[in-house]
Structures are given as structure tokens and as C-alpha cells.
Amino acid sequence: MPFFEPELHLTEEEFRLIRDLIYHHCGLFFDEDSKYLLDRRLLQRVTLHNLSGFREYYQFLKYDRKKEQEISDIMDLLTTNETYFFREAFQLRAFTDEIVPELAKLKQRDRTLRIWSAGCSTGEEPYTIAMLLLELGCFDGWRIDIVGSDISHRVVQHARKGVYGKASFRATEERYIKRFFTESEGGYRINDEVRELVTISQMNLFDQNRLALLGKMDVIFCRNVIIYFDETSKKKVIEAFYNTLRGGGYLLLGHSESLMNITTSFALKHLKNDMVYQKTDRTSGGVVT
Amino acid sequence: MKLGSRDEEERRLAVVALRSHPFPSSTQLIFKAMGDESWRVRKEAVTAVLKAQPHEAEVLEALIGALRASENAGLRNSAVEALEQIGAAAVPHLCAHLNDPDPDLRKFIIDILGNIGCDKCLPLLVRALDDDDMNVRVAAAENLGKIGDERALPHLLTVLEGGEIWLKFTVLDALALIGAPVPLVSLAPLLKESLLRRATYDCLGVLGDAQCLPILLQGLQEKAKNAREAAAMALMRVRERLPAEKQSALVDLPLQRLEGGPVAKKLIDSLHSEDPMVLDALVRIVGTIGDARAALPLLRVCRSERLRSVCIDAFRRVGPSLMPELLEHFPTAVPIERGVTAQLIAEFGHVGSEKLLFDGLLDDSAEVRRSCALALGRLKPAGAVTRLAELLDDGEPQVREAALEGLRGFAATEPATLSALASELMHAQLPAKRRNAALILGALSDGERLPPLVKDEDASVRQAAVSSLARVEFPQVVSHLALALSDEEPEVRLAAAHALSDRGGPDALGPLLLALNDTDPWVQTTALKGLAALGESGALQNVVALLDHASGPVLIAALSTVAALGGEKALAPVEKALSHGDEEVVEAAIEVLSGFGGGWIAAHCDALLAHPHWMVRRSFVRALAMLKGAESVPILDRALAGESDQLVRDEIIALLDRLR
Ligand SMILES: C[S@@+](CC[C@H](N)C(=O)[O-])C[C@H]1O[C@@H](n2cnc3c(N)ncnc32)[C@H](O)[C@@H]1O
């Protein structure tokens, strides 16, 4: 077992093979500067699987029956899963004060509300949405589906478990903790009332087949996920969102993300609290090519 | 929606709307938008211009005219961006303005030509090296570097003989970018000019050969920090390009002579730099000098993960003389420094530090506990077994693994203690503990107590026990391993296939042949490798039978196994695999065939040079150059002309350099 220094190094060639494979699988693009990062982080995987080197690891990623699992594991090593409850408050206010009332009116007949939190990491985001809806308290007798999905196996398990530590609550008001959590296992467990509204599932945003299972959504939250993608991947994912949204539905991206140069098929709508994207009902438009 | 609106988004949408109008009628408006105060609007306008293809002469001229807009930088930038993206089609128009009386315009045009990277305009850029305006000359030099065409070299070298420092500075950078060798006589005189030293060393680092080493060694004494660091980096870069035997005579020995002196001290003090590239070079140099004064500065550099392994190499070169200072620093060191110190204690076999290592097992930092456990396993002081055994319950997996690794180090010296520990562990409730028992029994080569663990209810225990059996000698080993090949868990079967392959011997043949039919591809692959190592030609027909339905790694391994067992006569299926749809398979076939000479090349050359995957093309040109030598030059030239992938191009250029 090595102390610190790895015996193997990722060659230029192996770097490119592995990088391209990851890119095609899930849209994450690593430039030359990340070679070192991949080298250090993936070496642990090479050793863990008892492989002779990165070339063999590449074959593993390409052929192994557990390759999906492996790629999801390395996602964990290569991206940040940082998230917390009530992140980006002004956007959530736009959601509760403006979007939800509109939807409530619009969907009064069929009484269903379907919301997708794509790239939800450990689940704080979908549970936040659920808590906000419960707080509003005007959906008695409605069917509310909140789907939280992420590519990483580990974070999905965490989200299902629903137990959170201090770091997750940095933006949470005390009353929410009182109302929706119980103390347990050295953390806070989310209550069943909230949990019932939320389904967590493992899903790669680039896996068309799985995405098709979702059905139409009224709102999609995809915050702080596409920052990792290059333009081509962004286009692909945004197109998938477009297809998943009901006409007139909303797409909420993170703070620093925009659809500039990606698509013209969403209209930028200025709400009082935030700017959001709306799928316009017209069928023209589409992803910029 | 109006272009004159005060709202940014409205103006942006207005430009978007303009796209659906015929371009000529909207040109005016789009140009106005190209100078908008908002970059979003400008970007949209540039997109609109680019959409209108092909471009009329008037449009191109108007874009060039916009470069004169000195009062509106936004408009000028939009025009630059649009022209660069239009590319080759704009080149003739751009070139026609290189004699414009406005020097700013000439400079912009040269920058754009450089970014388009069109080699047709090379003569014009060379001419601009003599422009009346200084900024234009500098831009010409810079962009010749960007284009990277070697034909610019003689002209750039002529500039170096002239007088303008600023221009020479840029030329040095350009030469480094072009990357073609430059005669030392052109560069050496520049060092007289203190302002040019840094750039000259950088350039030597890229282009220099053994001849410039004396200059670079001298450069380590430079007073100015940036020049000294540049010389250090250049020295190590040139060293890397030398054959191993010359590295030591021409670089390492002269460096070692600096030990204890003022130059060494200066270099050690430079280890404070922030730049990892500089640090990397300095750490190597300081390590080679071998000066113990470097102990603490090197240890601090170790905090950076990226530089840790070069630092540890440097420590090894300096040797045990640096231990006293490291130990003195230990109580106040950060965890990573304590971990490195523990490792060095073990590497240098430093006696008297055992207590420090034992205390380290209780350290708050997992990294330190891990290092100390590994170090104790190497030094093997009395009493360590019990202490390490306690660490098998540590909360951190990497510490538990290190403890186990450390314990296994005692198999030869304290078998009895270790054996008692194994007995206790093998009856534990927790599977993780029984797994540890299996691994320890493996280290002890205990053929008596391992078999029950091969039958454990937990797969991870069975897997560890099977792996351990590989190293143990007793009569029924092979039959245990063969039985493990029928385990329901693929991991266990894989461990068995590995163990059988590692052991080899005639008994392994039968089970390995059976493993060829496993449902798990990795078990099959391992069995194939084992059979290749066994070399029993009787297995050939079983392997050939596998080729028809195998894919991926199984097919790849099967191809090498066929060649290993059947030799030249059996190569037909390997040659067939050259046209397989999976590039990994094709690459493997190239490698296997290359082991038997170049007879296959002619028939497949064209197809492989045009293969859709860069990796295949790269492997093929390598094989071609290796097998055909100078004969392959014309083919490689042809390949280079048609190759668009940079990595492959670099490879071909390097091969051609070697062959010519
Ligand atoms: C920083 S977290 C964002 C969490 C949450 N949306 C928020 O804003 O707080 C980004 C998540 O995107 C996930 N992700 C990245 N690429 C993905 C892909 N191709 N498919 C699904 N999830 C992906 C990562 O696993 C990670 O958990």
C-alpha cells in the first residue's frame, strides 16, 4: 500500500479516454487543468478495484457490469454535492408567492401538481419544496408529486434516509425545524408528512429512457447542476427539460445560471421576486443549434 | 420591442427578432446593436451577423470599418469577435487593409489574423515585423507565435539581432510557442540584457538541449528572483529531455556540488513560491543538491497534495541527515506534515522514534494514524502487534486497512502473536473481522485455518480467504480454488481465477479452462491471462472457440492469449479483429500483431490511418514507425497531412522527428 505517493500516473492518452467517456455519459467536461484532479481522485478507484493502471480502469468503466455504479461513485469524487435547505431564498419566494398561486388557479380542475428537483444531491431541495407547499396549506385534496433525482448513488441514498446535520440548516428558520423534523441518530430526521410528498430516484440527466418515465411536470428546479456542463451538454439537458415541462410550466435555474446562447424556447419572465424561465405555449422555437 | 428601449432584455429580444428579417435590410440596426452597452445584446448581434452566411464584401468591409470605432470599445470588440468567427472568408479583406495609415487598425487586423490562425497570411505578418509602429511590430511577433509555423523562424531570429527590447521579449515568447529548435548562438547573447533573462530562460526551457545546461546552471545564481526561477524550471525541463545517463552527469552532479553553499541556500529560500510549476522544479533541484537545510521548507511544500510526491523523493535524496530537524518540528506540525514525518522515520529506519509512532496511533487525524500504522509495520518494534490490532476497529476505513497492512508485516518476525490474533478474529461475529483473519492467515501462509474461511457465509470473507490461498502451500489448494470457481458471487470467482493464475502449474490448467465459460467477463478475462501465462498449447482450441462470441475485454484478452499459445501460425483471427467495431479491440489487435513483425501492415494501412477513433490511429502510427523505421516516413507524412486530431498530430510529428 502506498503511503502518499502514487506509483501510477494518468497519461495524456488515458486522461483523454476517461474524460471523454465521462463526458459522453453525463455531460461533465474536464479540461486539461483538471488532469491532476482526475489523476489523484481516480487513483483511489484504480487501487480499490485492484487494477494495474488507468488503462485498465478505463476498460472497467467501459465494460464492467457495475460501470453505472462506478460512474456514479466517481461523480461523488469529482463534483460537489453541496446543498442546503431553503437555498436561494428570493427564488423560493418567487415560487411560493407567484408561481404556486398561478398554478393553483390554473390546475384547480385536475388538482395535481408535479414538481421535479433535478440534480437534488442529498435531498434538501425537494424537501424544502414540500415544506413550503405544506406551509402554504392550500392543497388539501390535491395530488402533489415532488420528484428529487440525482446521478450519484450515494447522495440518493442519503436523500432517501432523510437525516440531516447542522450544515444543511444554515438557512433554515427555527420554526421549520420544529414543525417538520424530529431529532434522531445524531441529526434531524425529516417527518413523514413531508416525506410522503417526495419521491427520490437515481437518474442521469442524459439518460433519455429514464427521463421519459417521469411524465409531464409543472415546475422543474435544476439549480447549480448545469454549471458543470459545457454548451453542448447544457443544450441536451435543457431540451430534455423542455420536453418534460407542460406548456406554460416553469424552469428554475440556479443563481449564476442562464439560458443565454442555449435556447430561445423559454421566455424569461420577470416576477416580482426573481426572473424565471417559462415554457411558452407556442410550439416553434427550440434549442439553438 | 425596440432597439432603443431602456430595458436590456427588450433590446436583446429586438435583435433576436431581427434575425428573421433579410440581412441587408437589417444590417444597419444590427451594427447599432453590436455597439450596445449591454454585452448580452452585443453577443446576440454578433450571432445575428454570423447567421448571415455567406458574407457580402460590404458586410466584411463594414465590420473592418467598425474596428476604427475608437470611441466605442464594445462595437470594436463585437467586430473583432465576428471577424474571427467568420475566419478564412474574411482573410483577403483583412489583408487588404494591412497598409492602412491607422496603426491601431493594422494592429487589430494582425491580432485577428493570428486568432484565425491562417498560414496564408504568414508573409504579411512577417512584413509587419518591420512596420513603422512599435505596437504593430509586437503584435506581428506575438501572432506569428500563435500561428506556430516554422517558416517564420528565420525572420524572428533576425529581429533578435536588432535593438528593441520589448519586441525581442515578444519574439522569445513566440519562439517558445513555435517550439522548433533555435541555435544557442542566437539566444545566449540576450542574457546580457537583464530584462530579457526571464524570457530567454523560458525559451531555452522549451527549445534548449544539453548545450545550454551550463548557462542554465549558471542561471540558478541570478539575483533577480523571476530570472532565477525561470532558469530553474528551464534546467529541469531540459533535463527531462536528456537520456538517463546524461541527466546525472550533466545536471545532477553539478547540482550536488552546490551543497552547503550560498546558492543552495538561496534556492531553498525560494521554496516559498506560490507557483506550483516553479515549486516542482525547485523541489527537484533542492532534493538533488541534498542539502539538509531544506528539511522544513520541503515539509511545508508537502502540504500541497500536488507536490507531495516530488517532495518525498527529494527527502529520500537528501537522506537521514534531515531527520533531527523534522522530529524537533513534529509537535507543532500540521497533520499532513506529521504523516510525512512518520513515513520518513520508517523509510530511513530511524531508531529511537518508536514512541512517536506509537503515540501517533492515537492522533486525531486519520492521516497520521494511517501513516504511523504503516510505519510501525515496516520498523516492527516490539509491542506493535497489539497496538495495531486495536486499530482494526478504527472508525476510518483507510486506517483499518493500514493497520492490517502493518500487521501483515510481522508474519516473519512474530508469527505466534499474529497467529493468536488471527484465531481470535476468525471466530468474531462481524464479517469484517473474519475477513481480516483471512488476510492475516494468508500472510502467515496458514493452510490449516484458511479452508473453513473459504466456506464462510459472508462473500467478502470468502473472497479474502480465496485470495490468501494463492500464497499458501498445501496439497488441496487447487481443489479449494477450483471449487471457489463455482461460488455464486462473481467477486469470489474472480479471486479464485486470480489465485489460480498467480499460482500457475499444471494443476491450474483444468480449472482455468472451466473458468473460460464463466458468465462474468472479468472471470473469463482473468482465466485467459492465466492460460497465456501457463503457455500450454493444448488450451489453444478452447480459446479460439471463445473468439466467436466474445466481446470487450474478453475478446481483447483472448486475442493475446491466442498469440501467446499459438504464435505466428495462429494470427488469422487477430488480423480479422483489426476491422472490429470496438476501438479497444482494434488497438489490442494492433499490439498483438506488432509483436510478430510488420507483415500485416500493408493490407490494413489505409483503413487504420482513416480509422474513426483517434486512439487507433495513434497506436497504428506508433506501430508503423516502430516496425518499418525510415520506410514509414512517406506514409507518416501523408497521415500528418490528413490528421486533424492534435494529440495524434503531435505523435506523428514526434515520430517523424525521430526517424529523420
Ligand atoms: C451542487 S449539487 C446541487 C444541489 C441542489 N440542486 C442545490 O442547488 O442545492 C449538484 C448535483 O448535480 C448532480 N449531477 C451532476 N451531473 C448530473 C447528471 N448528469 N445527472 C444527474 N445529476 C447530476 C451532482 O451529483 C450533484 O449532486
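Quick caveat, the model's predicted, so the values are computed rather than measured. (Residues numbered from 1 in each chain as written. Chains lettered and ligands numbered in written order. Predicted model: local features only at pLDDT ≥ 70, side-chain atom pairs only at ≥ 80, totals over all residues. Heavy atoms only, no water.)

Draft legend 1. Broad picture of the interface of chain A and chain B. In this assembly, 27 residues from chain A lie in contact with 43 residues from chain B. The contact between chain A and chain B buries some 3200 Å² in all, and 52% of this surface belongs to carbon and sulfur atoms. The tally of links between chain A and chain B comes to 10 salt bridges. Ionic pairing is found between B:D645 and A:R16, a salt bridge with its closest N-O pair at 2.6 Å. Viewed at the interface, chain B and chain A are joined by 13 residue pairs in polar contact (both at pLDDT 80 or more). Residue composition of the side of chain A that touches chain B, grouped by class: 12 nonpolar, three polar and 12 charged. (Contact = heavy atoms within 4.5 Å. Buried area = accessible area lost by both parts, 1.4 Å probe. Salt bridge = Lys/Arg side-chain N within 4 Å of Asp/Glu carboxyl O. Polar contact = N/O pair within 3.5 Å; in protein donor to acceptor, adjacent residues only side chain to side chain. Nonpolar A, V, L, I, M, F, W, Y, C, P; charged D, E, K, R; others polar.)

Draft legend 2. The site of the ligand, seen in detail. Residue and element names in this part refer to chain A. For the ligand, the set of nearby residues contains 19 residues, the closest of which are T83, R87, D150, L205 and N224. In this structure, a nitrogen atom belonging to the ligand sits 3.2 Å away from a main-chain N or O atom of C26. A distance of 2.9 Å separates a nitrogen atom of the ligand from a polar backbone atom of L205. Along the lines of polarity and charge, the residues of the shell around the ligand split into seven nonpolar, seven polar and five charged. (Near = heavy atom within 4 Å.)

Draft legend 3. Here's a closer look at the sheet that holds strand β9 (residues 266–270) of chain A. All names here are of chain A. Reading across from one edge, β6-β2-β1-β7-β8-β10-β9 is the order of the seven strands in this open sheet, with mixed pairing throughout. At either margin of the open sheet sits one strand with a lone partner, and together these are β6 (198–202) and β9. Sheet twist, expressed as the average angle between the axes of neighbouring strands with direction ignored, equals 25 degrees. Here strand β2 (residues 143–150) runs beside β6; their pairing, made up of five bridges, is parallel. (Pairing = 2+ DSSP bridges. Helix = DSSP H or I, 4+ residues; strand = E, 2+ residues; numbered from the N terminus. Axes fitted to C-alpha atoms, helices over the stretch in contact; angles between N-to-C directions.)

Draft legend 4. Representation of the domain arrangement of chain A in the model. Residue and element names in this part refer to chain A. When its domains are assigned, chain A resolves into domain 1 (12–78) and domain 2 (89–279). Measuring from the centre of the C-alpha atoms in domain 1 to the corresponding centre in domain 2 gives 29 Å. Of the residues lining the interface, 10 residues belong to domain 1; the matching set on domain 2 comes to 13 residues. Both faces considered, domain 1 and domain 2 share a buried interface measuring about 930 Å² in area, 48% of it formed by carbon and sulfur atoms. The largest per-residue losses of area from domain 1 upon contact with domain 2 belong to Y23, S72 and D76, which jointly make up 39% of the total buried on that side. (Domains from an automatic or database assignment.)

Draft legend 5. Layout of the environment of B:A373. Residue and element names in this part refer to chain B. Relative to the assigned elements, A373 resides in helix α24 (residues 366–379). C-alpha of A373 to C-alpha of K576: the two residues are 203 residues apart in sequence and 52 Å apart in space. Beyond its immediate sequence surroundings of up to four residues, A373 is in contact with L361, L388, L391, A402, A403 and G406.

Draft legend 6. Structural view of the environment of B:L327. Residues and elements named next belong to chain B. By the element assignment, L327 lies in helix α21 (residues 323–329). The sequence separation of L327 and S353 amounts to 26 residues, and the corresponding C-alpha distance is 8.5 Å. Setting aside anything within four residues of it in sequence, one finds L327 in contact with T341, I345, H350, S353 and L356.

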